[in-house]
Amino acid sequence: MRKLLEFLISKRHWFLFIILEIISFILIYRNNAYQRNIIFSSANVVTGQIASLSGSITSYINLREINRELSERNAELEMELLERQEELETLKADTTLFKGFALDSTEQSYPYDFVMSRVIYNSISYISNYITINKGEKDGIAPDMGVVSDKGVVGVVSTVSDHMAVVIPILNPKFKLSCKVKGNRYFGSMTWNGRSIYYANLEQLPRHVEFVIGDTIVTSGFSTIFPPGIIVGTVASFEKEKDDNFFSLEVKLSTDFASLNNVRILRNYRQKEQQKLEEVRKND
Amino acid sequence: MINTIFKGIIYFIIFVSVQILVLNNIHYLRIATPFIYLYFLIKLPIGISKSVTLIISFVTGLTIDLFSNTPGMHAAACTFVGFYRSDLIRLFWGKDLPEGVSPSYAFLGISSFLRYVSSFVLLHHIFLFFIESLTLFDPLFLALRIFFSTLLSIVLIAIVEAFNMEAVKNGE
């Protein structure tokens, strides 16, 4: 008995090793679950503070570039607004306008609004990448909200703490997004293959869909997370899938994840309602 | 003794923060990321017990994990190399080494030290990248990442060691 005890004590580092490895793998496993532990992520108070500090320092570095992009985007939107006004004018001129029609002001026709936020931590070097942003539960952010940049789709909110949130970007194998080629209604599923941060793959797109290289890929709007029509990227190349019934597209992402700085979080007022409804449907 | 602990804490703070704030953002061609914080584990004094080495390695890995949103990955890899550290040291320099000395160029010779660093870093990176690829397995890409990251880490550690004044002084 004493021999056994002595043996166990002399090999105690083995037990310690095994225990520590088990702890590590439990952490890894829990991280792979969709809902992640706040204590072990950069949305926790201490690590979040440091990430936020380093984020606020580095955010100055790209300021010139961001400024240029924003003013470009601004100009684009202004042009579009003018175009629409012009269109509206001609339409009004062509029709007899019914003055008595009033919109129901309590009903919001477009159930989305957005919150601006800054990226305080962003990883692109791993296979499972995450982004931390500086808005949290207190700003009305909840899990499953969509995140977009001024150029296109970024990802989906996964974990939320009081003042911070962790986002799963397109650059993460857990992220799946229903997308379509702009201008038609057939949709496919967007995933990332872990290779390049500039490309993702759109799979299961029916073979009779017509498109050319360079066409825009947008969100389909079939989930509660993103409204339809948000730009994801452009078609870079395509090939037939093995079973010959579907196309597999390589999509050049419009968001540049390497220089991500400001993002918007989309809030959908009807998300809960739709999810509840779909939940009921599943139970049938 | 107190001095060694104090020095260890300073090393820990310096190299972990350099890793988190600077090197975590480097991913050359999306392939290579250097992990300089291993230098802290490499420089732990010879002769501290295996259990202590394991705990130190685990805590170091966990700290890196907390800041890079990779719970458990670095902790697992560091615990793994921590476990084999004393065996590696013994493999390259035999058994009769004075206790309480940090491995360095001057003390152990450049080629032995580099071999020690290389095998240490390689073990760590293989383990780390294998765990990472559990989510998405891609053998060729995995091998590329291990190779280039290891290369980058070794070069960086070799440079840091060459400029580490304290190690130079101790060798005289």
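Going by the structure above, here's the rest.
Below you will find a few notes about this structure. Computed from a predicted model, the values in this text were never measured in an experiment. (Residues numbered from 1 in each chain as written. Chains lettered and ligands numbered in written order. Predicted model: local features only at pLDDT ≥ 70, side-chain atom pairs only at ≥ 80, totals over all residues. Heavy atoms only, no water.)

### With respect to the sheet that holds strand β8 (residues 199-206) of chain A
Residue and element names in this part refer to chain A.
- Pairing within the closed barrel is antiparallel, and its six strands lie in the order β6-β7-β8-β11-β10-β9. On average, adjacent strands in this sheet sit at an angle of 40° to one another, irrespective of strand direction.
- For strand β6 (residues 177-181) and strand β7 (residues 187-191), the ladder comprises four bridges, and the chain directions are antiparallel. The partner of K180 across the bridge, within β7, is F187. (Pairing = 2+ DSSP bridges. Helix = DSSP H or I, 4+ residues; strand = E, 2+ residues; numbered from the N terminus. Axes fitted to C-alpha atoms, helices over the stretch in contact; angles between N-to-C directions.)

### Some words on the packing of helix α6 (residues 110-132) of chain B against helix α7 (residues 139-163) of chain B
All names here are of chain B.
- It is at 9 Å that the axes of α6 and α7 come closest, and there the two elements cross at 145°. Note on packing geometry: the crossing formed by α6 with α7 is right-handed. Packed against α6, whose contacting residues are F113, L114, V117, S118, V121, L122, H125, I126, F129, F130 and E132, the element α7 presents L142, R145, I146, S149, T150, S153, I154, I157, A158 and E161 at the interface.
- Split by residue class, the contact of α6 with α7 holds 13 nonpolar, five polar and three charged. (Left-handed = near helix turned anticlockwise from the far one by under 90°. Contact = heavy atoms within 4.5 Å. Nonpolar A, V, L, I, M, F, W, Y, C, P; charged D, E, K, R; others polar.)

### A closer look at the sheet that holds strand β12 (residues 262-268) of chain A
Residue and element names in this part refer to chain A.
- Ordered by their spatial adjacency, six strands build a closed barrel running β1-β2-β5-β4-β3-β12, and the pairing between neighbours is antiparallel. Ignoring strand direction, the axes of neighbouring strands in this sheet form an average angle of 45°.
- Taken together, the three bridges between strand β1 (residues 112-122) and strand β2 (residues 131-133) define a ladder with antiparallel strand orientation. Its bridge partner lying in β2, N122 is registered against I131.

### Brief notes about the nonpolar core
- Ranked by size, the top nonpolar core spans 53 residues in total, and within it I42, Y116, F120 and I157 of chain B carry the most contacts.
- Contributions of two or more residues to this core are made by α2 (12-32) of chain A together with α1 (2-21), α2 (38-42), α3 (50-68), α4 (73-93), α5 (105-108), α6 and α7 of chain B.
- Counting residues per element, this core draws most heavily on α4 of chain B, which supplies 11 residues.
- Excluding its chain neighbours within four sequence positions, the residues that come into contact with Y116 of chain B are I42, R85, L88, I89, F92, W93 and P103 of chain B.
- The next biggest cluster of nonpolar side chains, apart from the first, holds 49 residues, and it includes L171, V181, I217 and F257 of chain A. (Core = buried A, V, L, I, M, F, W, Y, C linked by side-chain atoms within 4.5 Å. Buried < 20%, exposed > 50% of the residue type's maximum accessible area, 1.4 Å probe, protein only.)

### Structural notes on a negative patch on the surface
All names here are of chain A.
- There is a patch of like negative charges on the surface, built from E80, E83, E86 and E89.
- For E86, the location among the structural elements is in helix α4 (residues 63-94).
- Judged by its relative accessible area of 55%, E86 is exposed. (Patch = residues over 30% accessible without salt bridge, like charges linked within 9 Å, V, L, I, M, F, W, Y side chains within 5 Å. Areas by Shrake-Rupley, 256 points an atom, 1.4 Å probe, with all protein chains shown as cover. Salt bridge = Lys/Arg side-chain N within 4 Å of Asp/Glu carboxyl O. Lys, Arg positive; Asp, Glu negative; His and termini not counted. Charge placed at Lys NZ, Arg CZ, Asp CG, Glu CD.)

### Brief notes about the environment of Y199 of chain A
- Checked against the element boundaries, Y199 of chain A lands in strand β8.
- Among residues more than four places away in sequence, those in contact with Y199 of chain A are W192, A236, E250, V251, K252 and L253 of chain A.

### What to know about α1 of chain B
All names here are of chain B.
- Along its 20 residues, α1 runs 28 Å from first to last C-alpha, staying within 8% of the 28 Å computed at 1.5 Å per residue.
- Inspection of α1 places Y11, F15, V16, Q19 and I20 among the buried residues, and these make up the whole buried set. Buried residues of α1 fall within an arc of 140° about the axis and therefore sit on the same side. Among the exposed residues of α1, those oriented more than 90 degrees off its buried face are I2, N3 and F6. (Expected span 1.5 Å × (residues − 1). Arc of directions from axis to C-beta.)

### Examining unusual backbone geometry
Residues and elements named next belong to chain A.
- Of note in the backbone geometry, D144 takes a positive phi value of approximately 75° without being a glycine.
- Positionally, D144 belongs in the loop between β2 and β3 (146-148).
- Judged by relative accessible area, D144 falls into the partly exposed class, the value being 24%.
- In this model, Q204 sits at a positive phi of 65°, which is unusual for a non-glycine residue.
- Positionally, Q204 belongs in strand β8.

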